[in-house]
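Architecture at a glance
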Amino acid sequence: MGTNKKVKITFTCSSELKNDLQQWADSENRTLSNLVETLSETAVTERKQNLKAS
């Protein structure tokens, strides 16, 4: 989202989801944090586009 300042957030999920996300991140040679940030950015972008289309 265009800013260099990063903030930390915490969320709670099942251990199964955490393990699945970690495996995904590992398979792409990236950190879990980076994967979750990328997935979140994609979801927010898609949501904004869907809201504009409505």
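Right above here is the structure, for reference.
Residues numbered from 1 in each chain as written. Predicted model: local features only at pLDDT ≥ 70, side-chain atom pairs only at ≥ 80, totals over all residues. Heavy atoms only, no water.

Within the chain, the secondary structure is distributed over 2 helices and 0 strands. A globule of 54 residues ought to have a C-alpha radius of gyration of about 10 Å, yet the chain, at 13 Å, is considerably larger. For the chain, the spread of C-alpha atoms along the three principal axes comes to 35 × 25 × 20 Å. Buried residues in the chain amount to 6% of all 54 residues. Carbon and sulfur atoms make up 52% of the accessible area of the chain, which amounts to about 5000 Å² in all. With 8 positive and 7 negative side-chain charges, the chain shows a spacing of 12 Å between the two charge centroids. (Helix = DSSP H or I, 4+ residues; strand = E, 2+ residues; numbered from the N terminus. Rg over C-alpha atoms; globule rule 2.2 N^0.38 Å. Buried < 20%, exposed > 50% of the residue type's maximum accessible area, 1.4 Å probe, protein only. Areas by Shrake-Rupley, 256 points an atom, 1.4 Å probe, with all protein chains shown as cover. Lys, Arg positive; Asp, Glu negative; His and termini not counted. Charge placed at Lys NZ, Arg CZ, Asp CG, Glu CD.)

Taking 1.5 Å of rise per residue, the 13 residues of helix α1 (residues 15-27) would be expected to cover 18 Å, and the 18 Å separating its terminal C-alpha atoms lies within 8% of that figure. Looking at the residues trailing α1, positive phi occurs at N29, about 55°. (Expected span 1.5 Å × (residues − 1).)

Packed helix pairs are specified by the crossing angle of their axes together with the interaxial distance, meaning the distance between the axes. Remark: α1 packs on helix α2 (residues 32-53), axes separated minimally by 9 Å, with the N-to-C direction vectors making an angle of 100°. Looking at the two axes, α1 sits roughly perpendicular to α2. Seen from α1, the contacting residues are K18, L21, Q22, W24 and A25; seen from α2, they are L32, L35, V36 and L39. Here the residues of the contact of α1 with α2 are counted per class, giving 7 nonpolar, 1 polar and 1 charged. (Axes fitted to C-alpha atoms, helices over the stretch in contact; angles between N-to-C directions. Parallel < 35°, antiparallel > 145°, perpendicular 65-115°, else oblique. Contact = heavy atoms within 4.5 Å. Nonpolar A, V, L, I, M, F, W, Y, C, P; charged D, E, K, R; others polar.)

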